[in-house]
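Spelled out from the first residue to the last, the chains are:
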Amino acid sequence: MSTQTSNDLRADELLAIRCQLGERAAFADLIARWHEPLWRYLRRLADSDQAADDLVQDTWFRVLRGIAGLRDATRLRPWLFGIARRIAMDRLRAQYARPAAPDDALDELAAPEIDTTLENDLAALEAGLAALPPRERETLALFYLHELSIEQIAALLEVPAGTIKSRLFRARQMLREELTLRGAP
Amino acid sequence: MKPEFRSMNKVRAMAGAELSLKARLGYVGLLLVSAALTTVVVSLWLTEPSLPARTQLAFAVMSVIGVSWSVLAVWVLRARRPLFARDRVIAGGLAVTFSALFVAGCLAAAILSGAAPAYAAFGTGVVMLAVAIGVLLKARRRFAALTSRRRELEAQLGA
């Protein structure tokens, strides 16, 4: 594990502990640090910015009520994304008014609109990512954009680590093909 | 404004309301007062001989109301407004102080009047005090453990 990653994990743990102690300023830091990543994650699961706004607010509501009971402060990151994912899945189930497994629920989502006027590499990457099927998109985003480990993603998505590895392999291939098709560097 | 930041202000405002210490300690106060009053009512009810049926019913209703308030306070503190480590130490201190005053009051009433309900309330008050001391000690241990880990992490990060 690199020093940077190790320091990031320590910083996450410190933030969680400050919140658990009840330091009000720590909650402001927690929101400043994690609001954008959570919103972006939820935006990939939702069909509009407005829906992502609603989901992220519900997520924070549950985080504020639950962080005092978080047993292992080192697991702050997967805990946050786990709450966000459960809320998104609950919303989807309610929306479609029928029971479905989490991964099936993801498949119900329409792929977000693709930006055809790519301005830079980042926009191309975002668009390529958006074109992937929901499972591969989510796995890739959690691994590369939100820096969760394979074990953490496996726990979050409730599938074996081997499945995550194969999804990552497949997702990378699909993203490469997508970017080649779009003529991105 | 980028769309991801649009909802941030709402979240910050929500956090301010959710994290209000006043609201949390209000429910701690409700729990303590309702527990003490219920103790007094139940002690009177159980130790008063040959009460008419209407009075028995009135005591029963008052006891149920008291227990209901306590249950509500416990539910809110567990599910809606959980106490953070620092809040628990404050709440534990309040509980010990309140229970000690209650026990002292019951003891004084028992000695001065010699009435059986006062002795019964004193006995229950002692149990409440013991529970409050246990809660305070546990809260202090948890607070100390978190503070120690916090210092350790701050030293490692050079904060």
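The structure displayed is predicted, hence computed values, not measured ones.

Points about the overall build of chain A
Point 1. Within chain A one finds 9 helices and 0 strands.
Point 2. Helices and strands appear in chain A in the N-to-C order α-α-α-α-α-α-α-α-α.
Point 3. Contacts spanning at least 24 positions in sequence make up 61% of the contacts within chain A whose residues lie at least 6 apart.

Description of the overall build of chain B
Point 1. Looking only at helices and strands, one finds 6 helices and 0 strands in chain B.
Point 2. The secondary structure elements of chain B, listed N-terminal to C-terminal, are α-α-α-α-α-α.
Point 3. The C-alpha radius of gyration of chain B comes to 21 Å, more than 25% above the 15 Å expected for a compact globule of 159 residues.
Point 4. A principal-axis box enclosing the C-alpha atoms of chain B has dimensions of 75 × 35 × 20 Å.
Point 5. The buried share among the 159 residues of chain B stands at 30%.
Point 6. Taking the intrachain contacts of chain B between residues at least 6 apart in sequence as the baseline, contacts between residues at least 24 apart amount to 77%.

A word on the packing of helix α3 (residues 21-47) of chain B against helix α6 (residues 116-157) of chain B
Residues and elements named next belong to chain B.
Point 1. Packing of α3 against α6 leaves a shortest axis separation of 8 Å and a crossing angle of 140°. Between α3 and α6 lies a crossing of right-handed hand. Taken together, the residues of α6 that come into contact with α3 (itself represented by Ala35, Thr39, Val40, Ser43, Leu44, Leu46 and Thr47) are Ala116, Pro117, Ala120, Ala121, Thr124, Gly125 and Met128.
Point 2. Split by residue class, the contact of α3 with α6 holds 9 nonpolar, 5 polar and no charged.

Structural notes on the interface of chain A and chain B
Point 1. Facing 28 residues of chain A, the contacting portion of chain B comprises 27 residues.
Point 2. Looking at the side of chain A that touches chain B, the elements with two or more residues in it are α1 (3-21), α2 (24-45) and α3 (49-66) of chain A.
Point 3. If one sorts the elements of the side of chain A that touches chain B by residue count, α1(A) sits on top with 9 residues.
Point 4. Residue composition of the side of chain A that touches chain B, grouped by class: 13 nonpolar, 6 polar and 9 charged.

Some points on the confidence of the model for chain A
Residue and element names in this part refer to chain A.
Point 1. On average, residues of chain A score 80 in pLDDT, and 80% of them reach the 70 mark or higher.
Point 2. Here helix α5 (residues 102-107) stands out as the element of chain A with the lowest mean pLDDT, 53, in contrast to α3, whose mean of 92 is the highest.
Point 3. Ignoring residues within four places in sequence, the model shows residues 110-118, a span with pLDDT below 50, making 13 contacts including any to other chains.

Details of the environment of Ala144(B)
Point 1. Turning to its location among the elements, Ala144(B) is positioned in helix α6.
Point 2. C-alpha of Ala144(B) to C-alpha of Ala85(B): the two residues are 59 residues apart in sequence and 9.2 Å apart in space.

Observations regarding the domain arrangement of chain A
Residue and element names in this part refer to chain A.
Point 1. According to the domain assignment, chain A consists of domain 1 (1-110) and domain 2 (112-185).
Point 2. Sorting the residues of the side of domain 1 that touches domain 2 by element identifies α2, α4 (76-96) and α5 as the ones contributing at least two each.
Point 3. For the side of domain 1 that touches domain 2, the leading source of residues is α4, giving 5 residues.
Point 4. Class assignment of the residues belonging to the side of domain 1 that touches domain 2 gives a composition of 6 nonpolar, 1 polar and 5 charged.

A word on the environment of Gly66(B)
All names here are of chain B.
Point 1. Mapping Gly66 onto the fold places it in helix α4 (residues 53-80).
Point 2. C-beta crowding within 10 Å serves as the criterion here: with 20 such atoms nearby, Gly66 is assigned to the buried category.
Point 3. Through-space distance from the C-alpha of Gly66 to that of Leu37 is 6.9 Å; in sequence the pair is 29 residues apart.
Point 4. In this structure, Gly66 is in contact with Ser34, Leu37, Thr38 and Val41, ignoring residues within four places of it in sequence.

A short note on the nonpolar core
Point 1. Ranked by size, the top nonpolar core spans 75 residues in total, and within it Leu38(A), Leu42(A), Leu80(A) and Ala84(A) carry the most contacts.
Point 2. With 10 residues, the single largest contributor to this core is α6(B).
Point 3. A domain split of this core shows at least three residues from each of domain 1 (1-110) and domain 2 (112-185) of chain A.
Point 4. Beyond its immediate stretch of four places on either side in the chain, Leu80(A) contacts Trp34(A), Leu38(A) and Val63(A).

Some remarks on helix α5 (residues 85-113) of chain B
Point 1. Counted at 1.5 Å a residue, the expected span for α5(B) with its 29 residues is 42 Å, and the 42 Å between its end C-alpha atoms agrees.
Point 2. The first or second residue beyond α5(B) is Gly114(B), which carries a positive phi of 70°.

Notes on the packing of α3(B) against α5(B)
Residues and elements named next belong to chain B.
Point 1. Remark: α3 packs on α5, axes separated minimally by 10 Å, with the N-to-C direction vectors making an angle of 25°. Comparing their axes, α5 and α3 come out roughly parallel. Here the hand of the crossing between α3 and α5 comes out right-handed. Here Leu21, Arg24, Leu25, Val28, Leu32 and Ala36 of α3 lie close against α5, whose contacting residues are Asp87, Ile90, Ala91, Leu94, Ala95, Phe98 and Phe102.

Rules and cut-offs
Residues numbered from 1 in each chain as written. Chains lettered and ligands numbered in written order. Predicted model: local features only at pLDDT ≥ 70, side-chain atom pairs only at ≥ 80, totals over all residues. Helix = DSSP H or I, 4+ residues; strand = E, 2+ residues; numbered from the N terminus. Contact = placed C-beta atoms within 7 Å. Rg over C-alpha atoms; globule rule 2.2 N^0.38 Å. Buried ≥ 20, exposed ≤ 12 C-beta atoms within 10 Å, placed from the backbone. Axes fitted to C-alpha atoms, helices over the stretch in contact; angles between N-to-C directions. Left-handed = near helix turned anticlockwise from the far one by under 90°. Nonpolar A, V, L, I, M, F, W, Y, C, P; charged D, E, K, R; others polar. pLDDT = per-residue confidence, 0-100. Domains from an automatic or database assignment. Core = buried A, V, L, I, M, F, W, Y, C linked by C-beta atoms within 7 Å. Expected span 1.5 Å × (residues − 1). Parallel < 35°, antiparallel > 145°, perpendicular 65-115°, else oblique.

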